[in-house]
Amino acid sequence: MSRDDEQGEQAEVRQPPEQLALIRETVRERKAPKAKPRTWRGADMAARLPVARVLVDKGLVHLDRYFDYAVPAAMDEEAQPGVRVRVRFGAGEREGRREGGGLINGFIVERRADTDFTGRLAPLAQVLSPEPVLTPELLQLCRSVADRYAGSLADVVQLAVPPRRAKPEKQPSPRRPPAPSAPAPGGWARYPQGPAFLQALADKSAPRAVWTALPGPGSWADELARAMATTLAAGRGALAVLPDGKAAARVDAALTALVGEGRHVLLTAEAGPEPRYRRWLAVSRGAVRAVIGTRAAMFAPVRRLGLAAIWEDGDASHSEDRAPHPHAREVLLQRAVTERAAFLLGAHGCTVEAAQLVESGFALPLAADRETVRAVMPRVRSAAEGDEARDPAARSARLPSLAWRTARDALERGPVLVQVPRRGYVPRLVCERCREPARCTHCAGPLEAAGEGTALRCGWCARETPAWHCPMCGGNRLRGSVFGARRTAEELGRAFPTVPVRTSGGEHVLESVPGRPSLVVATPGAEPVPEGREGYAAALLLDGWALLGRPDLRAGEEALRRWMGAASLVRSQGEGGSVIVVADETMRPVQALVRWDPAGHAMRELAERAELGFPPVSRMAAVTGPPEAVAALIAAARETGLPEHAQVLGPVPLPVLEPGRPRDPGDPPPGELWERALVRVPRGSGAALAATLKTAQVGRLTRREGPVAHIRVDPLDIG
């Protein structure tokens, strides 16, 4: 060996010690491979109740049943009903033993002494955790929800039971504190039946009410928290489901102020997977009996449930995007009936579903008298869109003269809220000459202006169109048909140069704003709460036609709900609060807002739907998919036997999505032609309709008959 080689080896030996440290650190970070579950061949089985009935985590409708597995003696103690297990699914029998199949998760729902299966049972592969997370009560609820929505039990259980986290399961939950003392009625004294409702909760009764909350920033959260605290004081559990984390945080703060820490948990996505699972376990173990949360909290396993409450049931976020798409209102109604708990549906507005609960006698109205409503509501007026002010600054801000004067005067006393239906700059553009919508020449998507001085851009494929010409008239000048929040904020900033302008919407939602004079431009649902308890000095509700003109059965109801949510943050008319809605004053939702009569509007909507046979007077199911799949499923449902008086409406083609366009849950894949048929039955036949459609779907999947059609019972959007 040469001297140069010796020097090279010595140089390698004298490498800096940092590399050795790096290697050691890499070895430490490398995770040990997970041990594979045993096959348990030849192992002894449990002497008592040797069969475990398992719900496998397969969300396929044609596999919506339980499967039996043998329980090895070594798992006898841990393999109890409700625990998570791993099993081999799809195994075959060879030479007297079960072999093959893939490992899949599941839940033990029952231990049995015998089985209906005639062959040899495969043993459980592994008990993932001895924590019984799927209780009999939760399993029964999931079964009821799956049957109502024509879905599979495994899909509903996946919504109800959060993913496992090992660390929280190893930690004990804190001991349940003693029941708090009952709070004073507080704001409930403003409602004639409010104290009686609280007294019924204190007496462990099960009152059911549709609550039309009085306007005022934060007052509804305190009143909902007092209802929950009263239930806790009676030794029962309470559950409140809110549409978003912002609303849930308000109720959380109000309940903490009433009963202190440790008596309730907040279940929202913002908490993170591990803290959220730790809180869920505390509820499942009975250490906590009150839950405040968003949509997924509707399945929270609250023990001795005494109150199930939902706020703003008309908000679309209460409807689950994943199959089988349950709605929080319907799940809580089911729980109130099954668990004999009180039910409280609250909102500033009123949906037709809430109106039907009152009309049917299932729930009683819980509202203030007209004198109290007039004393706390702001002054509401309407303004025509074409009535622009003569002031040049007002014209540049696209404000009618009444709205301009209201904003100018209110800014001397406090903040002013400006609600804009859409976010962005100029979301919709049209030809200035012929009003033809401006569309992309590549994909026919709508052209948008991202900001002043920027090139036009397609809202679907994001391609820029620097030299646009109208294909109808040849014009090259554009005007906005809908203006977004950023454009509105820019125009208001020029109109009121000395006033700060804040925006809230999309990914940038403000929780609160100072009580000082400012302009707050927000999209519906993203309105921040002013600091203090005074509220906004005024609110301007712009572009009302954009909400009212949507091709949807719920357009008027949704517009009124959005407007009332914003107007409820404004001071009372006795304190100078004023609301201007820029919309046609002859429209029914506008008149209901001016009178502050959401219940009357909902009752009239319900009466009209009853004449036409629309939900919620009837029950509907949407069948969506490729044309041949929709036709085949409807035909199979007819052969199975649709309920009496069932009507099939359609099918009708759905709009074909262009590549690059945002896709909502349930939309067809880009470029594919899908159809949708609606099946309508009387309200009492809803369960039979769901069962028939599910049976037809199972038959087609079992026989593998062509493409799959999707079923959605009680769809939110029926056009």
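About the criteria used
Residues numbered from 1 in each chain as written. Predicted model: local features only at pLDDT ≥ 70, side-chain atom pairs only at ≥ 80, totals over all residues. Heavy atoms only, no water. pLDDT = per-residue confidence, 0-100. Contact = heavy atoms within 4.5 Å. Helix = DSSP H or I, 4+ residues; strand = E, 2+ residues; numbered from the N terminus. Expected span 1.5 Å × (residues − 1). Buried < 20%, exposed > 50% of the residue type's maximum accessible area, 1.4 Å probe, protein only. Pairing = 2+ DSSP bridges. Axes fitted to C-alpha atoms, helices over the stretch in contact; angles between N-to-C directions. 1 Å grid on protein atoms, 1.4 Å probe; cavity = no way out; pocket = protein on both sides within 12 Å on 5 of 7 lines; lining within 4 Å. Points joined across faces, edges and corners; volume = space filled by probe spheres on them. Nonpolar A, V, L, I, M, F, W, Y, C, P; charged D, E, K, R; others polar. Arc of directions from axis to C-beta. Patch = residues over 30% accessible without salt bridge, like charges linked within 9 Å, V, L, I, M, F, W, Y side chains within 5 Å. Areas by Shrake-Rupley, 256 points an atom, 1.4 Å probe, with all protein chains shown as cover. Salt bridge = Lys/Arg side-chain N within 4 Å of Asp/Glu carboxyl O. Lys, Arg positive; Asp, Glu negative; His and termini not counted. Charge placed at Lys NZ, Arg CZ, Asp CG, Glu CD. Phe/Tyr/Trp six-rings, centres within 6.5 Å; stacked < 30°, edge-to-face > 60°. Parallel < 35°, antiparallel > 145°, perpendicular 65-115°, else oblique. Left-handed = near helix turned anticlockwise from the far one by under 90°.

Draft legend 1. How the structure looks around the confidence of the model for the chain. Mean pLDDT for the chain: 86, with 86% of residues reaching 70 or above. The low-confidence segment residues 1–18, where pLDDT is below 50, has two contacts with residues more than four positions distant or belonging to other chains.

Draft legend 2. Main features of helix α9 (residues 273–284). Between its terminal C-alpha atoms α9 stretches 16 Å, which fits the 16 Å expected from 12 residues at 1.5 Å a residue. Among all positions in α9, only Arg-276, Tyr-277, Trp-280, Leu-281, Ala-282, Val-283 and Ser-284 are buried. Along its buried surface, α9 packs onto β3 (84–89), α3 (136–148), α4 (153–160), α5 (166–170), β10 (265–267) and β11 (290–293). Taken from the residues just after α9, Gly-286 is the one with a positive phi, measuring 85 degrees.

Draft legend 3. Seen up close, the sheet that holds strand β15 (residues 379–383). The six strands lie next to each other as β15-β27-β26-β16-β24-β22, forming an open sheet whose pairing is parallel. Looking at which strands have only one partner, the edges of the open sheet turn out to be β15 and β22 (501–504). Direction aside, the axes of adjacent strands within the sheet are offset by 20 degrees on average. Pairing between strand β16 (residues 416–419) and strand β24 (residues 519–522): four bridges, direction parallel. Residue pairing in the sheet places Gln-419 in a bridge with Ala-522 of β24.

Draft legend 4. Main features of empty space enclosed by the protein. Throughout the structure, instances matching the rule amount to one cavity of 30 Å³ or more. For the largest cavity, the calculated volume is near 50 Å³. Lining the largest cavity are Gly-349, Cys-350, Thr-351, Glu-557, Leu-560, Arg-561, Pro-598 and His-601. Sort the elements by how many residues they give to the lining of the largest cavity and helix α17 (residues 555–567) lands first, with three residues. Of the residues contributing to the lining of the largest cavity, the split by class is three nonpolar, three polar and two charged.

Draft legend 5. Highlighting unusual backbone geometry. Ala-323 connects to Pro-324 through a cis peptide bond whose omega is 5 degrees. Here the bond from Pro-615 into Pro-616 is cis, since omega is 10 degrees, no more than 30 degrees from zero. Mapped onto the elements, Pro-616 comes out in the loop between α19 (598–612) and β28 (618–625). The backbone of Arg-340 sits at a positive phi, close to 55 degrees, despite the residue not being glycine. Mapped onto the fold, Arg-340 is located in the loop between α10 (328–338) and β13 (342–347). Even without glycine at this site, Arg-704 takes up a positive phi of about 55 degrees. Relative to the assigned elements, Arg-704 resides in the loop between α21 (686–703) and β31 (710–713).

Draft legend 6. Region of interest: the pairing of β16. Here β16 shows no split at all, with Val-416 and Val-418 on one side and Leu-417 and Gln-419 on the other all buried. With four bridges connecting them, β16 and strand β26 (residues 538–541) associate as parallel partners. In the strand pairing of β26, Leu-417 is matched with Ala-539.

Draft legend 7. Structural view of helix α18 (residues 588–595). Buried within α18 we find Pro-589, Val-590, Ala-592 and Leu-593. Angularly, the buried residues of α18 cover 160 degrees about the axis, an arc narrow enough to put them on a single face. In this structure, the buried side of α18 is in contact with β15, β26, α16 (544–548), α17, β27 (578–582) and α19. Immediately beyond the C-terminal end of α18, within one or two residues, lies Trp-596, with a positive phi of roughly 55 degrees.

Draft legend 8. Main features of a positive patch on the surface. Taken together, Arg-176, Lys-204, Arg-303 and Arg-304 make up a surface patch of like positive charges. Mapped onto the elements, Arg-304 comes out in the loop between β11 and β12 (305–311). Arg-304 sits in the partly exposed class, given a relative accessible area of 49%.

Draft legend 9. Focus on the packing of aromatic side chains. Within this structure, the stated rule accounts for nine aromatic pairs. Considering the side-chain rings of Trp-188 and Phe-197, the 6.0 Å spacing of their centres and the 35 degrees angle between planes classify their relative orientation as tilted. Of the residues examined, Trp-188 reaches a relative accessible area of 0% and is grouped as buried. Measuring from ring centre to ring centre gives 5.6 Å for Trp-211 and Trp-311, while their planes differ by 55 degrees; the resulting arrangement is tilted. Remark: Trp-311 occurs in strand β12 and Trp-211 occurs in strand β8 (residues 208–212); sequence separation between them is 100 residues. For the pair formed by Trp-211 and Trp-311, the shared burial category is buried.

Draft legend 10. Structural context of the packing of α17 against α18. At a minimum axis separation of 9 Å, α17 and α18 run at an interaxial angle of 30 degrees. Classified by the angle their axes make, α17 and α18 are roughly parallel. Crossing of α17 against α18: the hand is right-handed. Only Pro-589, Val-590, Ala-592 and Leu-593 of α18 make contact with α17, whose side of the interface consists of Gly-556, Leu-560, Trp-563 and Met-564. In terms of residue class, the contact of α17 with α18 is made up of seven nonpolar, one polar and no charged.

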